[in-house]
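# Coordinate analysis (summary)
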Amino acid sequence: MIYLTGLLGFLLVLTAEARVGNSSQIDFCTETEQCLLFDLICETDKYEVRHYDSVKWVSTNITTFAMEFAAPVAFSRLFKYISGENEDGKKIQMTSPVVVKMSEKKFWERGVFTMSFLLPTEHQMNPPKPTNTDVYINETPEMNVYVLSFGGWMSTMSNKKKSDELSAALDSVNAKYKADVYCVAGYNSPMTMFKRHNEVWYMVEGDPVCHRS
Ligand SMILES: *[C@@H]1O[C@H](CO)[C@@H](O)[C@H](O)[C@H]1NC(C)=O
Ligand SMILES: *[C@@H]1O[C@H](CO)[C@@H](O)[C@H](O)[C@H]1NC(C)=O
């Protein structure tokens, strides 16, 4: 029995680690060694449905009016964490994507922006504890996600345009999703000029829908 439990534990470790992996497996993930991996469930000409396994991130929240204000502060906090601002003083490699969770809010209201860096394989099991109390480790559950990809740079305007485009496509086929929250995922450094890849995500509710309207 002990042997079996040990074996199961070992298999769980293997599958958990399989979901953050070598970026050579994803053609738009070109700037980091490791990326978040997924299974493509289905796609239409408007969007993809992906399955993500449960993974751990290091995250921070900023309450403000726009992503443009939140992003530099959040990025700097998380970058300090991976540069050694953690209890073990560990340097942690950068991964992709960087994800920002946006609360659906009116233009003039403040909202919570949560930025997350994906922890690389070697730190998925036991992430070093952040020393900054504004930084926390966060595990996302296994999930299905509706994804729309776009190029260029993320901004309040492009995010809004693309999330509206995705929700309109989903509404037209009666797809169910968590409409009050969406995420934007970025795969490039701000210095990269060409072939930039960004995504907007809505969480699938119920069975994913891929047929055309
Ligand atoms: C990722 O895969 C490529 C090609 O398969 C290989 O050359 C490279 O060494 C791998 N990198 C890591 C970190 O495993
Ligand atoms: C961060 O913000 C989210 C909402 O996006 C909230 O659910 C969570 O409790 C916040 N966490 C911390 C540590 O502030």
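It should be emphasised that the depicted structure is a prediction, and the values quoted were computed from it without experimental measurement. (Residues numbered from 1 in each chain as written. Chains lettered and ligands numbered in written order. Predicted model: local features only at pLDDT ≥ 70, side-chain atom pairs only at ≥ 80, totals over all residues. Heavy atoms only, no water.)

With respect to the helices and strands, Ser163 occurs in helix 3 (residues 156–172). If we ignore the near neighbours within four places in the chain, the residues touching Ser163 are Tyr182, Val200 and Tyr202. (Helix = DSSP H or I, 4+ residues; strand = E, 2+ residues; numbered from the N terminus. Contact = heavy atoms within 4.5 Å.)

This paragraph deals with the state of the cysteines. In a disulfide, the sulfur atoms of two cysteines are held together by a covalent bond. Evaluation of the coordinates by the stated rule reveals two disulfides. A sulfur-sulfur separation of 2.0 Å characterises the disulfide bridge that pairs Cys42 with Cys210. In this structure, the disulfide formed by Cys42 and Cys210 twists by about 85° around the S-S bond and is classed as right-handed. Of this pair, Cys42 sits in strand 3 (residues 39–43) while Cys210 sits in the segment after strand 11 (198–203), and the two are 168 residues apart along the sequence. Under the relative-accessibility criterion, Cys210 is labelled buried at 16%. When the bonded cysteines of the protein are counted from the start of the sequence, the pairing works out to 1-2, 3-4. The thiol of Cys183 is not disulfide-bonded; the next cysteine sulfur, from Cys29, is found 17 Å away. Given the relative accessible area of 7%, Cys183 is considered buried. (Disulfide = S-S within 2.5 Å. Buried < 20%, exposed > 50% of the residue type's maximum accessible area, 1.4 Å probe, protein only.)

So, about the nonpolar core. Of all hydrophobic cores here, the largest spans 35 residues; its most connected members are Tyr47, Tyr146, Leu166 and Leu170. For this core, the secondary-structure elements that each account for two or more residues are strand 5 (55–64), helix 2 (67–82), strand 6 (98–103), strand 7 (111–118), strand 9 (143–150), helix 3, strand 10 (181–186) and strand 11. With six residues, the top contributor of residues to this core is helix 2. (Core = buried A, V, L, I, M, F, W, Y, C linked by side-chain atoms within 4.5 Å.)

Here the focus is the site of ligand 2. Taken together, Asn61, Lys101, Val112, Thr114 and Tyr136 make up the full set of residues near ligand 2. At a separation of 2.3 Å, an oxygen atom of ligand 2 approaches a polar side-chain atom of Asn61. In the environment of ligand 2, an oxygen atom lies 3.4 Å from a nitrogen or oxygen atom belonging to the side chain of Thr114. For ligand 2, whose accessible area on its own is 370 Å², the fraction buried by protein is 42%. Here the shell around ligand 2 is composed, by residue class, of two nonpolar, two polar and one charged. (Near = heavy atom within 4 Å. Polar contact = N/O pair within 3.5 Å; in protein donor to acceptor, adjacent residues only side chain to side chain. Areas by Shrake-Rupley, 256 points an atom, 1.4 Å probe, with all protein chains shown as cover. Nonpolar A, V, L, I, M, F, W, Y, C, P; charged D, E, K, R; others polar.)

A few words on the site of ligand 1. The environment of ligand 1 is made up of Asn22, Ser24 and Glu33. Within the side chain of Asn22, one N or O atom sits 2.4 Å away from an oxygen atom of ligand 1. Interatomic distance of 3.2 Å between a side-chain N/O atom of Ser24 and an oxygen atom of ligand 1.

On to the packing of aromatic side chains. For any two aromatic rings, the description comes down to two numbers: the centre-to-centre distance and the angle of the planes. In the structure shown here, the tally under the stated rule is eight aromatic pairs. Taking the centre distance of 5.8 Å and the plane angle of 50° together, the rings of Tyr182 and Tyr202 count as tilted. Linking Tyr182 in strand 10 with Tyr202 in strand 11, this pair joins segments that are 20 residues apart in sequence. Each member of the pair, Tyr182 as well as Tyr202, is classed as buried. Taken together, Phe38, Tyr52 and Trp201 form an aromatic cluster joined through their ring pairs. One Lys or Arg, Arg50, reaches over the ring of Phe38 and ends 4.1 Å from the middle of that ring. (Phe/Tyr/Trp six-rings, centres within 6.5 Å; stacked < 30°, edge-to-face > 60°. Lys NZ or Arg CZ within 6 Å of the ring centre and 35° of its normal.)

With that settled, consider the pattern of salt bridges. Scanning the model with the defined rule gives seven salt bridges in all. One salt bridge in this structure joins Arg77 and Asp134, with 3.8 Å as the shortest N-O distance. Here Arg77, found in helix 2, pairs with Asp134, found in the loop between strand 7 and strand 8 (135–140); they are 57 residues apart in sequence, far enough to count as distant. A salt bridge links Lys162 to Glu165; the shortest N-O distance between them is 3.4 Å. Of the two residues, Lys162 and Glu165 both sit in helix 3, three residues apart, roughly one turn of that helix. Take Glu165: its relative accessible area is 36%, and that puts it in the partly exposed class. Sharing partners across several salt bridges, the network here consists of Arg19, Asp39 and Asp53. (Salt bridge = Lys/Arg side-chain N within 4 Å of Asp/Glu carboxyl O.)

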